[in-house]
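Structural description and commentary
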Amino acid sequence: MAIPATCRISVLEEPGKMTLKEVPVPAITDEEILVKVEGCGICGTDVHEYKGDPFKYCPVQLGHEGTGEIVALGRNVTKDFTGKPLKVGDKIVTGLKPCGECDTCRFHPEIKELCNGGEIFGLLPGAEHYLNGWFGEYMKVNAGGVVFNVSDMDRDLRILIEPAAVIVHAVEQAKQIFNFKFGSYVLVQGCGPIGLLLLTMVRCLGVRNIIACDGDANRLEFAKKLGARYTVNGLAGDAVEEVAEITGGGAEMVFQCTGSPKAASRAWKYVRRGGSFCELGFFTNNGDTTYSPHLDMCNKQVKACGSWTYQAGDWVQSFDFLKEAQERGLPVTDLITHKYPLDRMGEAMEMNISMKGLKIAYVAG
Ligand SMILES: NC(=O)c1ccc[n+]([C@@H]2O[C@H](COP(=O)([O-])OP(=O)(O)OC[C@H]3O[C@@H](n4cnc5c(N)ncnc54)[C@H](O)[C@@H]3O)[C@@H](O)[C@H]2O)c1
Ligand SMILES: [Zn+2]
Ligand SMILES: [Zn+2]
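Residues numbered from 1 in each chain as written. Chains lettered and ligands numbered in written order. Predicted model: local features only at pLDDT ≥ 70, side-chain atom pairs only at ≥ 80, totals over all residues.

1. A word on the nonpolar core
For the record, the criterion: Joined through C-beta atoms within 7 Å, a set of buried Ala, Val, Leu, Ile, Met, Phe, Trp, Tyr and Cys residues constitutes a nonpolar core. Neighbour density around each residue's C-beta defines its exposure: 20 or more other C-beta atoms within 10 Å make it buried, 12 or fewer make it exposed, and counts between make it partly exposed, where C-beta atoms are placed from the backbone. Helix numbers and strand numbers start at the N terminus; a helix is a DSSP run of H or I with at least 4 residues, a strand a run of E with at least 2. The domain limits used here are those given by an automatic or database domain assignment. Two residues qualify as a contact pair if the distance between their C-beta atoms, derived from the backbone, is within 7 Å.
Residues L187, V188, L198, L199, I211 and A251 are the most contacted members of the largest nonpolar core, which totals 101 residues. Ranked by the residues each element gives to this core, the list is headed by helix α4 (residues 161–175), at 9 residues. When residues are assigned to domains, this core turns out to be shared by domain 1 (6–152 + 331–363) and domain 2 (166–306), each giving three or more. Contacts of V188, omitting those with residues within four sequence positions, involve G195, L198, L199, I210, A212, C213, F255 and C257.

Have a look at this one:
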């Protein structure tokens, strides 16, 4: 494949402004990889940046849920993170690279996801990192970048790998406090891409009684296609009673996936006595919430956990999860409801904000 001298990338120059830029395609070193981008999902984090740049990254080339084909491979890059060989033509995704130097990395490698200095392509600020994000025609993997060879998956499935890794991690946290059984009542509050992928995974684990909870009727409808047996309108005044009725006293496991403090407060009410609770719905600080320590926690003896991002092992598990969902005929790639070319990334961001779709993605030519 002929590599052009220049290519286009989409840069968030300031909040609300996605600009198309023409940049040189650099010659890669022996340690780098050049990738022709096929597509990249838009993450809630990208939209946060678009709306206000909370991390002060601008200008930044966003896009961390991307995938594409290797078009040039440094001679010293022979294997992916798992040891699988790499060659030109392979399809890859890029993962999170912990800093390796902080106390967490050094002394608690089992919780590497809590490293504060980790790097992911697509969230590296400044013009010096142009081409290190996936919202472009080409992207460059720097020396030592975490890469996975996922050539055996189709493009849309690959676009879902990063959010799926979030879900694998959350379910692994939940397994430490809850034993998933075929007959378990598991409630998923919030049916955005995160909640929907989560209930898909719980379905793939064999759980029958999945309750999807959201205020949006279309999202609840889709939740049914992905494996939910029951749906509950979480905005309705009697949602707690409805859940109690379906489950005979409350859900045994509740996953909170909304990003809404009000919803997070209510989520505790859905848990049955002796049940468990996993909070994964706040990647950004949307404020505090309230719960009754007596009624919601102590008296019910609830076991609770939080979940934060993922580790490399979660990415590897996410490949099998997505393949399993696809093989079971669960329409997981239908989660990608809108696809935009590179010169319409501003519109793509606005579509995401409008909540009219589910996963919005950049898809190349
Ligand atoms: N833990 C992590 O590492 C991690 C990683 C990625 C994303 N997240 C977080 O996960 C959350 C969900 O992400 P998403 O992309 O699916 O977002 P989203 O905004 O598309 O989905 C949230 C859903 O919650 C629903 N909701 C709001 N209030 C509700 C209520 N009272 N009852 C029931 N449903 C309600 C909304 O209708 C919406 O469908 C975000 O807040 C994000 O920050 C966490
Ligand atoms: Zn993301
Ligand atoms: Zn670290």
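There's more to say after this.
2. Topic: unusual backbone geometry
With omega at -5°, the peptide bond leading from C58 into P59 counts as cis. In this fold, P59 is placed in the loop between α1 (44–52) and β4 (65–73). Residue L131 is not a glycine yet carries a positive backbone phi of 85°. As for its placement among the helices and strands, L131 is situated in the loop between α2 (103–107) and β6 (138–141). With 22 C-beta atoms counted inside 10 Å, the residue L131 sits in the buried group. One non-glycine residue, Q301, lies in positive phi territory at about 50°.

3. Some thoughts on the environment of F182
With respect to the helices and strands, the residue F182 is situated in the loop between α4 and β8 (185–189). Distance in space between the C-alpha atoms of F182 and V202 is 9.9 Å, their sequence separation being 20 residues. Aside from chain neighbours lying at most four places away, what touches F182 is G206, V207 and R208.

4. Some words on the sheet that holds strand β12 (residues 271–279)
Using the following cut-off: Between any two strands, at least two bridges found by DSSP are needed for them to pair. Note on geometry: axes are C-alpha line fits, over the in-contact stretch for helices, and angles between N-to-C directions span 0 to 180 degrees.
An order of β10-β9-β8-β11-β12-β13 is seen for the 6 strands of this open sheet, with the pairing classed as parallel. The strands lining the two open edges of the sheet, one partner per strand, are β10 (230–233) and β13 (303–306). Going across the sheet, the axis of each strand differs from the next one's by a mean of 20°, ignoring polarity. Here 4 bridges tie β8 to strand β11 (residues 251–256), and the two strands are oriented parallel to one another. Across the sheet, V186 pairs through a bridge with M253, a residue of β11. Along the sheet, helix α7 (residues 239–247) contacts β8, β9 (209–214), β10, β11 and β12; its crossing angle with β10, the most-contacted strand, is approximately 165°.

5. A closer look at the environment of G206
By secondary structure assignment, the location of G206 is in the loop between α5 (193–204) and β9. Overall, G206 belongs to the exposed group, with 11 C-beta atoms counted inside 10 Å. For the pair G206 and K181, spaced 25 residues apart in sequence, the C-alpha separation works out to 7.5 Å.

6. Details of the domain arrangement of the protein
When the parts of a complex come together, some accessible area is lost, and that lost area is often used as the size of the interface. Taken as a whole, the protein is organised into domain 1 (6–152 + 331–363) and domain 2 (166–306). For domain 1 and domain 2, the distance between their C-alpha centres works out to 30 Å. At the junction of the two partners, domain 1 supplies 10 residues and domain 2 supplies 9 residues. If one sorts the elements of the side of domain 1 that touches domain 2 by residue count, α1 sits on top with 3 residues.

7. Thoughts on the site of ligand 1
Stated precisely, the cut-off is as follows: Residues are classed as near a molecule or strand if the C-beta position derived from their backbone is within 6 Å of it. Throughout, the ten residues Ala, Val, Leu, Ile, Met, Phe, Trp, Tyr, Cys and Pro are labelled nonpolar, Asp, Glu, Lys and Arg are labelled charged, and all others, Gly among them, are labelled polar.
Of all residues adjacent to ligand 1, which total 31 residues, the nearest are G190, G192, G234, G259 and F283. Of all the secondary-structure elements, those providing two or more residues to the shell around ligand 1 are α5, β9 and α8 (261–267). Of the residues in the shell around ligand 1, the class split is 12 nonpolar, 14 polar and 5 charged.

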